[in-house]
Amino acid sequence: LFLDKAAPELKSLVSVLHYEEAVLGGEPAQGTYVFTDLENPAPGLRTRVHDLFRRLSQVPDLRILNNPLEFLQRTAFLKMLRERGINDYSVHTFSECLGPIAFPVFIRWADDHGGPRSPLLHTRWALFSRLAWMTVLGRRSKLLVVEFLDTSDQEGIFRKYGAFRVGERIVPRHLFHGREWMVKVGTALKSQEFLEEELEYIRANPHADELMGIFRAAGIEYGRIDYSVRKGRLQIWEINTNPTIGCISAPGNGSSRRAVHAHFLEAFSAALRDLDRAGQSAWDRNPPSA
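Below or above, wherever it landed, is the structure these notes cover. (Residues numbered from 1 in each chain as written. Predicted model: local features only at pLDDT ≥ 70, side-chain atom pairs only at ≥ 80, totals over all residues. Heavy atoms only, no water.)

**Regarding the overall build of the protein chain**
When helices and strands are tallied, the protein chain shows seven helices and nine strands. Taken against the 2.2 N^0.38 rule, which gives 19 Å for 290 residues, the C-alpha radius of gyration of the protein chain at 20 Å falls within 12% of a compact globule. Along the first, second and third principal axes, the C-alpha set of the protein chain runs to 65 × 45 × 30 Å. When the 290 residues of the protein chain are sorted by exposure, 46% land in the buried category. For the protein chain, the share of sequence-separated contacts (at least 6 apart) that also reach a separation of at least 24 residues comes to 65%. Looking at the protein chain as shown, the accessible area adds up to about 15000 Å², and 51% of this sits on carbon and sulfur atoms. Averaging the locations of the 37 positively and 35 negatively charged side chains of the protein chain gives two centres separated by 4 Å. (Helix = DSSP H or I, 4+ residues; strand = E, 2+ residues; numbered from the N terminus. Rg over C-alpha atoms; globule rule 2.2 N^0.38 Å. Buried < 20%, exposed > 50% of the residue type's maximum accessible area, 1.4 Å probe, protein only. Contact = heavy atoms within 4.5 Å. Areas by Shrake-Rupley, 256 points an atom, 1.4 Å probe, with all protein chains shown as cover. Lys, Arg positive; Asp, Glu negative; His and termini not counted. Charge placed at Lys NZ, Arg CZ, Asp CG, Glu CD.)

**What to know about the packing of aromatic side chains**
All told, the structure shown has twelve aromatic pairs when counted by the stated rule. Ring plane angle 45° and centroid distance 5.4 Å describe the contact between tyrosine 89 and tryptophan 237, whose orientation is recorded as tilted. Separated by 148 residues along the polypeptide, tyrosine 89 in the loop between α3 (74–83) and β3 (91–93) and tryptophan 237 in strand β9 (residues 233–240) bring together distant segments of the chain. Seen in terms of ring centroids, phenylalanine 106 and tryptophan 181 are 4.9 Å apart; in terms of plane orientation they differ by 45°. Their pairing is tilted. Placement of the pair is phenylalanine 106 in strand β4 (residues 105–109) and tryptophan 181 in the loop between β7 (169–178) and α5 (192–204), with a sequence separation of 75 residues. For tryptophan 181, a relative accessible area of 25% gives the class partly exposed. (Phe/Tyr/Trp six-rings, centres within 6.5 Å; stacked < 30°, edge-to-face > 60°.)

**So, the pattern of salt bridges**
Between side chains of opposite charge, a pair can form when the charged atoms approach closely. As enumerated under the stated definition, the model contains 16 salt bridges in all. Residues glutamate 238 and arginine 74 are paired through a salt bridge, measuring 2.6 Å at the closest nitrogen-oxygen approach. On the criterion of sequence distance, the pair formed by glutamate 238 in strand β9 and arginine 74 in helix α3 is long-range, its members being 164 residues apart. When sorted by exposure, glutamate 238 lands in the same class as arginine 74, which is buried. Ionic pairing is found between arginine 159 and aspartate 153, a salt bridge with its closest N-O pair at 2.9 Å. Each of Arg74, Arg108 and Glu238 takes part in one network of salt bridges that share partners. (Salt bridge = Lys/Arg side-chain N within 4 Å of Asp/Glu carboxyl O.)

**Describing the sheet that holds strand β8 (residues 222–230)**
The strand order across the open sheet built from four strands is β7-β6-β8-β9, with neighbouring strands paired in antiparallel fashion. The open sheet has two free edges, formed respectively by β7 and β9, since each of these has just one partner strand. Strand-to-strand twist of the sheet, defined as the mean angle between neighbouring strand axes without regard to direction, takes the value 25°. Pairing of β8 with β9 involves seven bridges; the strand directions are antiparallel. Within β9, the residue paired with arginine 230 across the bridge is arginine 233. Each of β6 (158–166), β7 and β8 is contacted by α5, which is oriented at about 165° to β7, the strand it contacts most. (Pairing = 2+ DSSP bridges. Axes fitted to C-alpha atoms, helices over the stretch in contact; angles between N-to-C directions.)

**Remarks on the nonpolar core**
In this structure, Phe35, Phe77, Ile225, Tyr227 and Ile236 are the most contacted members of the largest nonpolar core, which totals 45 residues. Among the elements that line this core, the one with the most residues is helix α6 (residues 208–218), at six residues. Aside from chain neighbours lying at most four places away, what touches isoleucine 225 is Tyr161, Gly162, Ala163, Leu211, Ile214, Phe215, Ile236, Glu238 and Ile239. In this structure, Phe2, Phe164, Leu265 and Leu272 belong to the second largest nonpolar core, which totals 17 residues. (Core = buried A, V, L, I, M, F, W, Y, C linked by side-chain atoms within 4.5 Å.)

**A closer look at the side chain of asparagine 66**
With respect to the helices and strands, asparagine 66 occurs in the loop between β2 (63–65) and α3. Relative accessible area serves as the criterion here: at 1%, asparagine 66 is assigned to the buried category. A distance of 2.9 Å separates a polar atom in the side chain of asparagine 66 from the backbone oxygen of tyrosine 222. Excluding its chain neighbours within four sequence positions, the residues that come into contact with asparagine 66 are Phe35, Leu38, Phe53, Gly219, Ile220, Glu221, Tyr222 and Thr241. (Polar contact = N/O pair within 3.5 Å; in protein donor to acceptor, adjacent residues only side chain to side chain.)

Dropping the structure here:
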């Protein structure tokens, strides 16, 4: 959809290859390979993804982004951020729920991007009752209990930031405002003041250095990070390796966020072109033998 609607000029540069269609034999085509959707590959695909990565890794100097063999799943990633003092909140697996927990909390699945699967739960009794109900659905090992962290400002406004890493570039994508603790595009507040703040964020890219450090700690070279800011410190929610790129409101359609989309589209397209140049340079240094 992104290539069709927002950036058709990139179709000659970017090819989408599904894991099911990937050919493991033969000489790989020149370019930069980006492994995406690593959070939850379909059953039976994980081995294929790993085999494909190993195959491509054997080609000297072929550029690959996102190593599926070393990818940190959400639970491990968030625990790492807490241990390093980056995040001020903790997450707990099902088996850890008898230990210390800072309430309130909410429950989500550890391997999807559907957001909370419960309201805020303020007591251990409420938590256990909800967990008992959710275990009927199975996948107990995928349940994740997340401590709620209030990142609202003095006026009760929550902010959700999103930014891409594309190779060696950080590309800001959005800044949503809301009065609910879970801010999504559909619940975001709209005003001229908020639009101007979002555009300033997109243009200034104020957290680029910190975000790059977090991406590197996670071993992710392509994806979108979602986060907030609390008392001047970044609080990370997740990294999505198969994010929606958006830009449905491409330049010229009259959207109130047209300038945001236009700036992102320019920066994101430039980052993709950088990947192509870097991939070609690596190939030119050491092309595959005949």
